[in-house]
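Here's the letter readout for the chains.
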Amino acid sequence: MGDAEDSFIHIPVLGQEVVEGLGLRSGGHYLDATVGGGGHSRLMLEAVPDVQITALDQDVNAIEAAQKNLAEFGDRVQFVHTNFADFKPGMVQFDGILADLGVSSPQFDHPDRGFSFRLAAPLDMRMDQQQSLTAAEVINTWDEVDLANIFYTYGEERLSRRIARRIVERRPFETTTDLAETIFHAVPRSYRYGRIHPATRTFQALRIAVNQELKVLETFLTLAPDWLKPAGRLCLISFHSLEDRIVKHQFRESEKLHVITKKPIVPTETEMEQNVRSRSAKLRVAEKVAIDSAKSS
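Cut-offs and rules
Residues numbered from 1 in each chain as written. Predicted model: local features only at pLDDT ≥ 70, side-chain atom pairs only at ≥ 80, totals over all residues. Heavy atoms only, no water. Salt bridge = Lys/Arg side-chain N within 4 Å of Asp/Glu carboxyl O. Helix = DSSP H or I, 4+ residues; strand = E, 2+ residues; numbered from the N terminus. 1 Å grid on protein atoms, 1.4 Å probe; cavity = no way out; pocket = protein on both sides within 12 Å on 5 of 7 lines; lining within 4 Å. Points joined across faces, edges and corners; volume = space filled by probe spheres on them. Nonpolar A, V, L, I, M, F, W, Y, C, P; charged D, E, K, R; others polar. Pairing = 2+ DSSP bridges. Axes fitted to C-alpha atoms, helices over the stretch in contact; angles between N-to-C directions. Contact = heavy atoms within 4.5 Å. Phe/Tyr/Trp six-rings, centres within 6.5 Å; stacked < 30°, edge-to-face > 60°. Buried < 20%, exposed > 50% of the residue type's maximum accessible area, 1.4 Å probe, protein only. Core = buried A, V, L, I, M, F, W, Y, C linked by side-chain atoms within 4.5 Å. Parallel < 35°, antiparallel > 145°, perpendicular 65-115°, else oblique. Left-handed = near helix turned anticlockwise from the far one by under 90°. pLDDT = per-residue confidence, 0-100. Lys, Arg positive; Asp, Glu negative; His and termini not counted. Polar contact = N/O pair within 3.5 Å; in protein donor to acceptor, adjacent residues only side chain to side chain. Expected span 1.5 Å × (residues − 1). Bend = angle between axes of the 7 residues up to and from the residue.

### Here's the deal with the pattern of salt bridges
Stage number 1. Within this structure, the stated rule accounts for 12 salt bridges.
Stage number 2. Its salt-bridge partner being Glu144, residue Arg165 comes within 3.9 Å of it at the nearest N-O pair. With Arg165 in helix 7 (residues 160-170) and Glu144 in helix 6 (residues 144-155), the pair connects residues that are 21 residues apart, well separated along the chain.
Stage number 3. Close ionic contact of Lys256 with Asp226 constitutes a salt bridge, the shortest N to O distance being 2.8 Å. A residue pair is termed long-range when its members are at least 10 positions apart, and Lys256 in the loop between helix 12 (241-253) and strand 6 (257-259) and Asp226 in helix 11 (residues 213-227) qualify at 30 residues.
Stage number 4. Ionic contacts of the salt-bridge type, sharing partners, join the residues Arg25, Asp95 and Lys229 into one network.

Here's what the structure looks like:
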């Protein structure tokens, strides 16, 4: 297999819906807050020949992959290595902002990143590999109550206490597969062979905790409306109910945004067949209100 960026191929979820949702305009400047391999950015750059994009990602491998993928567009794209909640646009305002909250396929598929339990790997799960906190530290040092709380809150795992107790009894853990096997045997037999592997929710919870995903999302949603020009669009793609709930409520409660999508846009049957990982995607779109209409409402 080639290096990480060679395999960092990004199949853009809800691609056409994002292009339409952003309402791309000639000469516009757009922020791709989670560029990944550059799939969505490519669609935007191809859709309108003179748009500019500022592309962010906290994953160095993603930035390198996107630079290769989008090289043909030259200086129409500027890349910034940062978490979107830490981004400082200065005086720049955008005509539209996209954030795709999904974990990119290469992050799942590269075993050494530790996001998946299908292959043995170190317990890592860091999106930004420059941060210090890893999944291993969480699993091996956090107390049982804290572990149960994150499994229940971030994984919506109803057997959270039972799983946390077994993990504390059996730790330390070094690999994803060892942890997944312990979770598998911690749950009742009837729970082991359901629609999803019994470790799925726990691994989701760990990933969210390691990367502070929900806190970062809330921060971003507070900041992003100020980065938009009046009538600029904000498009958010989420992949689980916790994220979608935050997006829905912050869109609705913001005095600076008008909600465009009363219900989230979801993939077509065709897209779900072609890209299995699109199945749980939900797109919500909001528009920056003009200052005078915000005051009058």
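### Re the layout of surface pockets
Stage number 1. When its volume is computed, the second largest pocket comes out at roughly 230 Å³.
Stage number 2. Contributions of two or more residues to the lining of the second largest pocket are made by helix 10 (200-211) and helix 11.
Stage number 3. Top contributing element to the lining of the second largest pocket by residue count: helix 11, with three residues.
Stage number 4. Looking at side-chain class alone, the lining of the second largest pocket contains four nonpolar, eight polar and three charged residues.

### Considering the sheet that holds strand 3 (residues 77-81)
Stage number 1. In spatial order, the strands read 3-2-1-4-5-7-6; together these seven strands make up an open sheet with mixed pairing. Looking at which strands have only one partner, the edges of the open sheet turn out to be strand 3 and strand 6. Direction aside, neighbouring strands of the sheet carry axes that sit 20 degrees apart on average.
Stage number 2. Here strand 2 (residues 52-57) pairs with strand 3 via five bridges, running parallel. Paired with Thr54 across the bridge in strand 3 is Gln78.
Stage number 3. Helix-sheet contacts for helix 3 (residues 60-69) involve strand 2 and strand 3, and the interaxial angle to strand 3 is about 165 degrees.
Stage number 4. Along the sheet, helix 12 contacts strand 5 (228-238), strand 6 and strand 7 (282-288); its crossing angle with strand 7, the most-contacted strand, is approximately 20 degrees.

### Focus on the packing of aromatic side chains
Stage number 1. Enumeration over the complete set of coordinates arrives at six aromatic pairs.
Stage number 2. Ring geometry for Phe87 versus Trp227: centroids 5.4 Å apart, planes at 85 degrees, classification edge-to-face. Linking Phe87 in the loop between strand 3 and strand 4 (94-100) with Trp227 in helix 11, this pair joins segments that are 140 residues apart in sequence.
Stage number 3. Classification of Phe87 as buried rests on a relative accessible area of 9%.
Stage number 4. Relative to Tyr193, the ring of Phe184 lies with its centre 5.7 Å away and its plane at 80 degrees, an arrangement referred to as edge-to-face.
Stage number 5. Counting every residue linked through ring pairs, the aromatic cluster contains Phe84, Phe87, Phe94, Phe220 and Trp227.

### Observations regarding the nonpolar core
Stage number 1. Core analysis: the biggest nonpolar cluster contains 30 residues, and Phe151, Ile167, Leu179 and Phe203 have the highest contact counts within it.
Stage number 2. Listing elements by their share of this core, those giving two or more residues are helix 5 (135-141), helix 6, helix 7, helix 8 (176-186) and helix 10.
Stage number 3. The biggest single contributor to this core is helix 10, with five residues.
Stage number 4. For Ile167, the contacting residues outside a window of four places in its chain are Ile139, Leu147, Phe151, Phe173, Leu179 and Ile183.
Stage number 5. The next biggest cluster of nonpolar side chains, apart from the first, holds 28 residues, and it includes Ala33, Leu214, Leu257 and Ala286.

### Thoughts on the packing of helix 6 against helix 7
Stage number 1. Between helix 6 and helix 7, the least distance of the axes is 8 Å, while the angle of their chain directions is 135 degrees. One element, helix 6, and the other, helix 7, form an angle in the oblique class. For the crossing formed where helix 6 meets helix 7, the hand is right-handed. From helix 6, Glu144, Leu147, Ala148, Phe151 and Tyr152 reach across to helix 7, where they touch Ser160, Arg161, Ile163, Ala164, Arg165, Ile167 and Val168.

### Looking at the confidence of the model for the protein chain
Stage number 1. Confidence in the prediction for the protein chain averages 91 pLDDT; 91% of positions are at 70 or higher.
Stage number 2. A low-confidence stretch, residues 1-7 stays under pLDDT 50, and its non-local contacts, those more than four residues away or across chains, total 11 contacts.

### What about the side chain of Arg192?
Stage number 1. On the secondary structure map, Arg192 appears in helix 9 (residues 189-192).
Stage number 2. For the buried Arg192, no salt bridge is present, and the opposite-charge side chain at shortest range is Glu181, 10 Å distant.
Stage number 3. A distance of 3.2 Å separates a polar side-chain atom of Arg192 from the backbone oxygen of Val187.
Stage number 4. Not counting residues up to four positions away in its chain, the partners in contact with Arg192 are Phe184, His185, Val187 and Pro198.

### Digging into helix 11
Residues spaced three or four apart along an α-helix face the same direction, because each turn holds 3.6 residues.
Stage number 1. The terminal C-alpha atoms of helix 11, which comprises 15 residues, lie 20 Å apart, in line with the 21 Å expected from a rise of 1.5 Å per residue.
Stage number 2. Its maximal kink placed at Leu221, helix 11 deviates by approximately 25 degrees, while the proline Pro225 follows within four residues.
Stage number 3. Glu213, Leu214, Val216, Leu217, Phe220, Leu221, Ala224, Pro225 and Trp227 are the residues of helix 11 that are buried.

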